[in-house]
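A structural walkthrough
Residue strings, one per chain:
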Amino acid sequence: MFSSIVNVCLLLGVLSSCWGNRQETWVDEELPRDTQPSKWGSLWPLPQRVDIFDASFKLAAASFQIFDGNLSSAGPSCNLLQNAYRRYYKYMFGGAKSKRPHRQGNFPELMGLQVLITDPNPECDQYPSVSSDESYELLVDQPFAILKAPKVWGALHGLETFSQLVYEDEFGAKSVNRTEISDFPRFAHRGILLDTSRHFLPVKVLLTNLETMAMNKFNVFHWHIVDDQSFPYMSRTFPDLSQKGAYHPYTHVYTPSDVKMIVEFARLRGIRVIPEFDTPGHTQSWGKGQADLLTPCFAGAGPSGTFGPVNPILNTSYNFMSRLFQEVAAVFPDDYVHLGGDEVDFTCWKSNPDIQKFMEQQGFGKNYSKLESFYIQRLLDIVTATKKGYIIWQEVFDNGVKLKPDTVVHVWMGGANSADELRNVTAAGFTAILSAPWYLNYISYAQDWVQYYKVEPLGFNGTEAQKKLVMGGEACMWGEYVDATNLTPRLWPRASAVAERLWSAKDVTDVNDAYARLSSHRCRLLERGIAAEPLFSSYCPHEFKGI
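Read on for a plain summary of the structure. Here the structure is a predicted model, which means the values were calculated and not measured. (Residues numbered from 1 in each chain as written. Predicted model: local features only at pLDDT ≥ 70, side-chain atom pairs only at ≥ 80, totals over all residues. Heavy atoms only, no water.)

A separate point is the packing of helix H6 (residues 203–215) against helix H8 (residues 256–267). It is the contact of H6 with H8, at a shortest axis distance of 10 Å, that shows an interaxial angle of 10°. When the interaxial angle is binned, H6 and H8 end up roughly parallel. Residue-level inspection shows Val-203, Leu-206, Leu-207, Leu-210 and Glu-211 of H6 in contact with H8, the latter providing Asp-258, Met-261, Ile-262, Phe-265 and Ala-266. A per-class count over the contact of H6 with H8 returns 8 nonpolar, no polar and 2 charged. (Axes fitted to C-alpha atoms, helices over the stretch in contact; angles between N-to-C directions. Helix = DSSP H or I, 4+ residues; strand = E, 2+ residues; numbered from the N terminus. Parallel < 35°, antiparallel > 145°, perpendicular 65-115°, else oblique. Contact = heavy atoms within 4.5 Å. Nonpolar A, V, L, I, M, F, W, Y, C, P; charged D, E, K, R; others polar.)

Below you can see the structure in the form of structure tokens.
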């Protein structure tokens, strides 16, 4: 279709008018095209320190092994590592150990990868947290490569890095160069938000993207599990929430066993699962299964019989929230729950005479932000009682809600111009997560990954103490226009640009070098069965076989 339009424009001699102002959108000379291979090969995200030497070693599938190098509790009994060894062997060699003999000849061979966990408590059976040690060191040399990490979380990242160092020649022979790497993440919180309310995402799709997150060293799955459109979370305490609020009560829900499997699948890849139950707005689906939870709207606030946000003046609302979040705290093991709090429309509250009377009694006047604060403060107390920390969207902070010192404020407004909000949040002493410049649901022609890559999370005016309060960021994929058919290719490798920005050193900013590595990384994702879209006109030796 695009080329047909060009031909018509050329025939008519009105190319400039056909283009309009789009020329700068689809032709950008600053965007990388064909570049030289990177000296770092296809490493993504780029480690903090890496030295790659000319000496190379062959890897033979029949003899290569990944094994524990110590007898600590991170040895054979550590299922997390044993699971990872099998996974990465398959990534490198394609499955069970090959019985095919490797090519004969006088060439040096790497016999295996030895994994050493140096801390007496490797955290094999624990869940990752915001304070997890994810550092590792990797030495690739004969006869065995050595991967050292204090905890299993760093070992997982080191395994991914080692697998990225392996390359093959035109005959399919595997090789790796002598390499020394010392690595750790720049930010502790590196997340992906997926929205399963606006379109239901099957468990298989979630698992595929968790797998891909691990390949990019993301460590947080922010699960925006419910919203206005549907309530797919199957609650044991309030089964009617999904029975009446999901798109379908049986096929479009996440059962307790589904949630447990997703959380464990993520844990085995060093990924935290943070659920979001957003209130008091974004709750229309909640009201279908919980009577009297939402505020009845009156004249001027919509058609008769409509409802607004959660009713903040009823004790029953808080009793409900208390029981629900007790369940959420038990089901999701992470230290944090995301409570939302964004985009609360006051129109319905303003129309309701009972709300108006309550406002007068409380001395709120006509300031409905104070009513929102009243609700949020009670909700924060409820969640605190479950011994969970909480994350809130920035409006809660902006509206002056009294927050506990350990509150995490999630900055989402302002796009690339979110520096003022980060400055204000951190100046008030709160920890922050940045998402504003990384809304991947917005798409455009050409290589928009570059704009995500160029973001500097700490590029705001503030003290060093303030900048230390930025714990990281998240790339967000909201679900209005994505479902199981297009989520994965729209997300990858665009999200990979965010992954490197949150992992690698601040001075890793060469877009041309990044293009060379990211193009190769995208090909690797295809080889591993991930339907990642292309950056530009290109060729991958292993095309995606899932289509």
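Covered by surrounding structure in strand E5 (residues 144–149) are Ala-145, Leu-147 and Ala-149 only, the residues Phe-144, Ile-146 and Lys-148 on the alternate face being uncovered. As paired elements, strand E4 (residues 136–140) and E5 share 3 bridges and run antiparallel to each other. Looking at E5, one finds that Glu-137 is bridged to Lys-148. From the end of E4 to the start of E5, which pair antiparallel, there are 3 residues. (Buried < 20%, exposed > 50% of the residue type's maximum accessible area, 1.4 Å probe, protein only. Pairing = 2+ DSSP bridges.)

Another aspect to go through is the state of the cysteines. Inspection of the entire model under this criterion finds 3 disulfides. In this model, Cys-78 is linked to Cys-124 through a disulfide, with the two sulfur atoms separated by 2.1 Å. An S-S torsion of about -110° defines the bridge between Cys-78 and Cys-124 as left-handed. Of this pair, Cys-78 sits in the loop between strand E2 (65–68) and helix H4 (79–93) while Cys-124 sits in the loop between strand E3 (112–117) and E4, placing them 46 residues apart in sequence. According to the relative accessible area criterion, Cys-78 is buried, its value standing at 0%. Take Cys-124: its relative accessible area is 7%, and that puts it in the buried class. Residue Cys-297 pairs covalently with Cys-348 via a disulfide, S to S 2.1 Å. (Disulfide = S-S within 2.5 Å.)

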